[in-house]
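Here is how the chains run, residue by residue.
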Amino acid sequence: MAAPSSSNATRSIPPLREIPVSTLASAAPPVLRIKTDEDVELWKQTRGYQDYGLFLRRLAESVVGYELPYSDPNPDKGVSAIIELLETLDKWIDEIPPLPTPQRFGNLAFRTWGKRLETECDALLQALLPTPLHPCIPHIAPYFLTSFGSFTRMDYGTGHETSFALFLLCLALVRFLDPVPAVERQVVLCAFVRYVRLCWRLQDVYRLEPAGSHGVWGLDDYSFLTYVFGSAQLRDQTEIPVSAVLRPPLPLTNLYFMSIMRIHDVKFGPFHEHSSQLYSIATNVQYWAKVHSGLFKMYEAEVLGKRVVVQHIPLGGLLEWDLPQNPSASTAPPPFTSTPAPTMAATAAPWASSTTHAASSMPPPATFPGAPRMPPVSFTTGLPHLPHTLGGHGSGHRARPGGPIVPARAPLGPTASTAVRPGVFPSTTSIGGSSMAPSPPLPSSRQTETAHGPREGDEGDKARSPDSS
């Protein structure tokens, strides 16, 4: 797969704003603000949320057509410094070996590793950042500390992965990382890949439990952004079909294939039983572009839209908690002055629900003091926020510039409570005019054993840790 010489799509996406360090003097450090489901909806109206959506779209566009391993002839100093920091944390694992304890999940040595991170966090960030950016450390450290798992629950999940992405966003907002395609590509294919490998090692050595796992009905027990970025790498090529993931071993040329092979390393049994969502995507979605757009919507709905995940993410400071004066007002923000990124007509993803919802457009968030105002955009499409006309499968709605936007809501599918109730989910689902077979029945615990032993079911996990992220 030949790498393109430049990314026209990335250049067409609005630039990421810069926050002057001087404006942080009067800003409070980030704290936990999301307590209820209503707070989640309020968060989606903030400028920080819009910044994160724009940042992820820019990262995804920058890697379209590029393979792993990736090496840039002009490595960015900031990216290299982040990789060196992650290498340091990896060495700590050798210095803090697991304890000979009988726990099935969560070796107590992980708390020792986490205590060392908490103690040395400020020193690590001071070594990472140049002196003029040291005032940013109180606003960046909370995201860095929560990027590697919960040291109390000894688990790791998509909320911790999101914290690391927010940490990278903060570094870009203060321009430690230059938000241009060449650097953004290194952020994903070099720094983020190194972060993923570090987290895999933490999971293996300290036997970290999946945080809030949905069992066989979840996309992945530990991560999500690896699939978003990996599907972006494969998006525009036609040589590798989506169904190729069903024929392992796979070449480790993209984050999507890396994640699939990781599943084969830690899980046993038929792929369609322990990874039914990924299996449904591979058998029912024809184009990588649809996989990528569907995963983006699913990430917004099932990670950023879930209180149990985002309630552990501190907000404020660089990620502003700037609520509108009248949250109930429905006002469409002005359109972009620049050309939005090229988008394909959205097709309902294979995991979308047939339930019809109603939503209203969101008012524009306030701007950061001293920063230029930029109208917010749709998180997943890059288009201005417009009134949503939501419909289920077969409703015929498509996202198009100036028209209705396909809903971001994308339920995971049957859970342990709904699987026993016949008729809750339809027998077939229409995907772009085609018929999709229902997901396989909920397997027994023996069929879904992992390398760490049989995994708890969805409801069991939630009963154990209702606030896991």
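Cut-offs and rules
- Residues numbered from 1 in each chain as written.
- Predicted model: local features only at pLDDT ≥ 70, side-chain atom pairs only at ≥ 80, totals over all residues.
- Heavy atoms only, no water.
- Helix = DSSP H or I, 4+ residues; strand = E, 2+ residues; numbered from the N terminus.
- Buried < 20%, exposed > 50% of the residue type's maximum accessible area, 1.4 Å probe, protein only.
- Areas by Shrake-Rupley, 256 points an atom, 1.4 Å probe, with all protein chains shown as cover.
- Phe/Tyr/Trp six-rings, centres within 6.5 Å; stacked < 30°, edge-to-face > 60°.
- Lys NZ or Arg CZ within 6 Å of the ring centre and 35° of its normal.
- Lys, Arg positive; Asp, Glu negative; His and termini not counted.
- Salt bridge = Lys/Arg side-chain N within 4 Å of Asp/Glu carboxyl O.
- Contact = heavy atoms within 4.5 Å.
- Expected span 1.5 Å × (residues − 1).
- Axes fitted to C-alpha atoms, helices over the stretch in contact; angles between N-to-C directions.
- Parallel < 35°, antiparallel > 145°, perpendicular 65-115°, else oblique.
- Nonpolar A, V, L, I, M, F, W, Y, C, P; charged D, E, K, R; others polar.
- 1 Å grid on protein atoms, 1.4 Å probe; cavity = no way out; pocket = protein on both sides within 12 Å on 5 of 7 lines; lining within 4 Å.
- Points joined across faces, edges and corners; volume = space filled by probe spheres on them.
- Core = buried A, V, L, I, M, F, W, Y, C linked by side-chain atoms within 4.5 Å.

Participant: Please clarify how the overall build of the protein chain should be interpreted in this entry.
Facilitator: Summing up its helical and strand segments, the protein chain has 15 helices and eight strands in all. Taken over 469 residues, the protein chain has a buried fraction of 56%. Taken as a whole, the protein chain presents about 18,900 Å² of accessible surface, with 56% of it coming from carbon and sulfur.

Participant: So what exactly am I meant to see when it comes to the packing of aromatic side chains here?
Facilitator: Any aromatic ring pair is given by two values, namely how distant the centres are and how the planes are angled relative to each other. A full pass over the atoms with the stated rule returns 20 aromatic pairs. With a centroid separation of 4.9 Å and 80 degrees between ring planes, the pair formed by tryptophan 43 and tyrosine 49 is classed as edge-to-face. Side by side, tryptophan 43 and tyrosine 49 carry an identical accessibility label, which is buried. Residues phenylalanine 110 and tyrosine 206 carry aromatic rings whose centres are separated by 5.7 Å and whose planes lie at 45 degrees to one another, so their mutual orientation is tilted. Of this pair, phenylalanine 110 sits in helix H5 (residues 109–128) while tyrosine 206 sits in the loop between helix H8 (181–205) and strand S3 (209–210), and the two are 96 residues apart along the sequence. Side by side, phenylalanine 110 and tyrosine 206 carry an identical accessibility label, which is buried. Put simply, the rings of Trp92, Phe110, Trp113, Phe144, Phe148, Phe151, Phe164, Phe167, Phe192, Tyr195, Tyr206 and Phe229 pair up and form one aromatic cluster. A cation over an aromatic ring shows up here: arginine 185 above the ring of tyrosine 66, its NZ or CZ 4.1 Å from the ring centre.

Participant: I tried to follow the side chain of aspartate 76 on my own but got confused; where do I start?
Facilitator: If you trace the backbone, aspartate 76 turns up in the loop between helix H3 (47–62) and helix H4 (77–95). Here aspartate 76 occupies a buried position and makes no salt bridge, while the nearest side chain of opposite charge, lysine 77, is found at 8.9 Å. Setting aside residues up to four positions removed in sequence, aspartate 76 forms contacts with Leu177, Val183 and Gln186.

Participant: Sorry, what's going on with H3 here?
Facilitator: Within an α-helix, residues lying three or four positions from one another point in the same direction, as the helix has 3.6 residues per turn. Compared with the 22 Å implied by 1.5 Å per residue over 16 residues, the 22 Å span of H3 between its first and last C-alpha is a close match. Counting buried residues along H3, 16 of its 16 residues qualify, which places the element largely inside the surrounding structure.

Participant: Before we go on, may I ask you to explain the packing of H4 against H8 in this structure?
Facilitator: Between two packed helices, both the angle of their axes relative to each other and the distance between the axes serve to describe the pair. It is the contact of H4 with H8, at a shortest axis distance of 10 Å, that shows an interaxial angle of 5 degrees. Viewed along their axes, H4 and H8 adopt a mutual orientation that is roughly parallel. Contact residues: Val79, Ile82, Ile83, Leu86, Glu87, Leu89, Asp90, Ile93 and Asp94 in H4; Val183, Gln186, Val187, Cys190, Ala191, Arg194, Tyr195, Leu198, Arg201, Leu202 and Val205 in H8. For the contact of H4 with H8, the residue count by class is 14 nonpolar, one polar and five charged.

Participant: Even after reading the chapter, I still don't get unusual backbone geometry, so can you show me in this structure?
Facilitator: Backbone geometry follows two general trends: most residues other than glycine have a negative phi, and most peptide bonds adopt the trans configuration. Cis geometry marks the peptide bond from leucine 68 to proline 69, where omega comes out at -5 degrees. Here the residue pair proline 248 and proline 249 is connected by a cis peptide bond, since its omega of 0 degrees sits within 30 degrees of zero. Considering the arrangement of structural elements, one finds proline 249 in the loop between helix H9 (225–233) and helix H10 (255–266). If you check the backbone angles, arginine 175 has positive phi at about 70 degrees while not being a glycine. Mapped onto the elements of the fold, arginine 175 is located in the loop between helix H7 (158–173) and H8. One non-glycine residue with positive phi stands out, namely arginine 207, at about 50 degrees. By relative accessible area, arginine 207 is classed as partly exposed at 29%.

Participant: It is not clear to me how empty space enclosed by the protein should be interpreted in this structure. Could you clarify?
Facilitator: The gaps left among the atoms become clear once a water-sized probe is rolled over them. Taken as a whole and judged by the stated rule, the model has three cavities of 30 Å³ or more. Roughly 200 Å³ of internal volume is contained in the largest cavity. For the largest cavity, the lining is made up of 22 residues, of which Asp220, Asp221, Tyr222, Ser223 and Arg262 are closest to its centre. Counting residues per element, the ones that place at least two in the lining of the largest cavity are H8 and H10. The leading source of residues in the lining of the largest cavity is H8, at five residues. Broken down by class, the residue content of the lining of the largest cavity amounts to nine nonpolar, seven polar and six charged.

Participant: I keep staring at the environment of isoleucine 19 and nothing clicks. Help me out?
Facilitator: The topology assignment puts isoleucine 19 in the loop between helix H1 (8–12) and strand S1 (31–32). According to the relative accessible area criterion, isoleucine 19 is buried, its value standing at 1%. Separated by 153 residues in sequence, isoleucine 19 and alanine 172 place their C-alpha atoms 9.2 Å apart.

Participant: Honestly, the nonpolar core in this entry has me stumped. Any pointers?
Facilitator: If you look at soluble globular proteins, the nonpolar side chains tend to sit buried side by side. Of all hydrophobic cores here, the largest spans 116 residues; its most connected members are Leu89, Trp113, Phe144, Phe148, Phe167, Phe229 and Tyr256. Counting residues per element, this core draws most heavily on H8, at 14 residues. With sequence-adjacent residues up to four places away left out, tyrosine 256 is seen in contact with Thr226, Tyr227, Gly230, Ser231, Leu234, Val245, Leu278, Ile281, Trp288, Val291 and Leu295.

Participant: Explanation requested: the pattern of salt bridges in the structure shown.
Facilitator: Two side chains that carry opposite charge are able to pair once their charged atoms sit near each other. A complete count under the given rule lists 18 salt bridges for this structure. The closest approach of N and O atoms between arginine 17 and aspartate 51, which form a salt bridge, is 2.6 Å. Linking arginine 17 in the loop between H1 and S1 with aspartate 51 in helix H3, this pair joins segments that are 34 residues apart in sequence. On the basis of relative accessible area, arginine 17 is assigned to the buried category, the value being 4%. In this structure, arginine 235 and aspartate 236 form a salt bridge, with 3.0 Å as the shortest nitrogen-oxygen distance.

Participant: Honestly, the environment of aspartate 94 in this entry has me stumped. Any pointers?
Facilitator: With respect to the secondary-structure elements, aspartate 94 resides in helix H4. The exposed category is assigned to aspartate 94, whose relative accessible area is 51%. In the structure, aspartate 94 is positioned 111 residues away from valine 205 in sequence and 9.7 Å away in space, judged by C-alpha atoms.

Participant: Sorry if this is basic, but what is going on with the packing of H9 against H10 here?
Facilitator: In contact at an axis separation of 6 Å, H9 and H10 are set at 130 degrees when each is read in the N-to-C sense. One finds that H9 runs oblique with respect to H10. Contacts between H9 and H10 involve Thr226, Tyr227, Phe229, Gly230, Ser231 and Gln233 on the former and, on the latter, Leu255, Tyr256, Ser259, Ile260 and Ile263. A per-class count over the contact of H9 with H10 returns six nonpolar, five polar and no charged.

Participant: What's the story with the environment of histidine 264 in this structure? I'm lost.
Facilitator: When you line up the elements, histidine 264 lands in helix H10. What makes histidine 264 partly exposed here is its relative accessible area of 27%. Aside from chain neighbours lying at most four places away, what touches histidine 264 is Pro248 and Phe271.

Worth remembering: the numbers are spatial, not functional.
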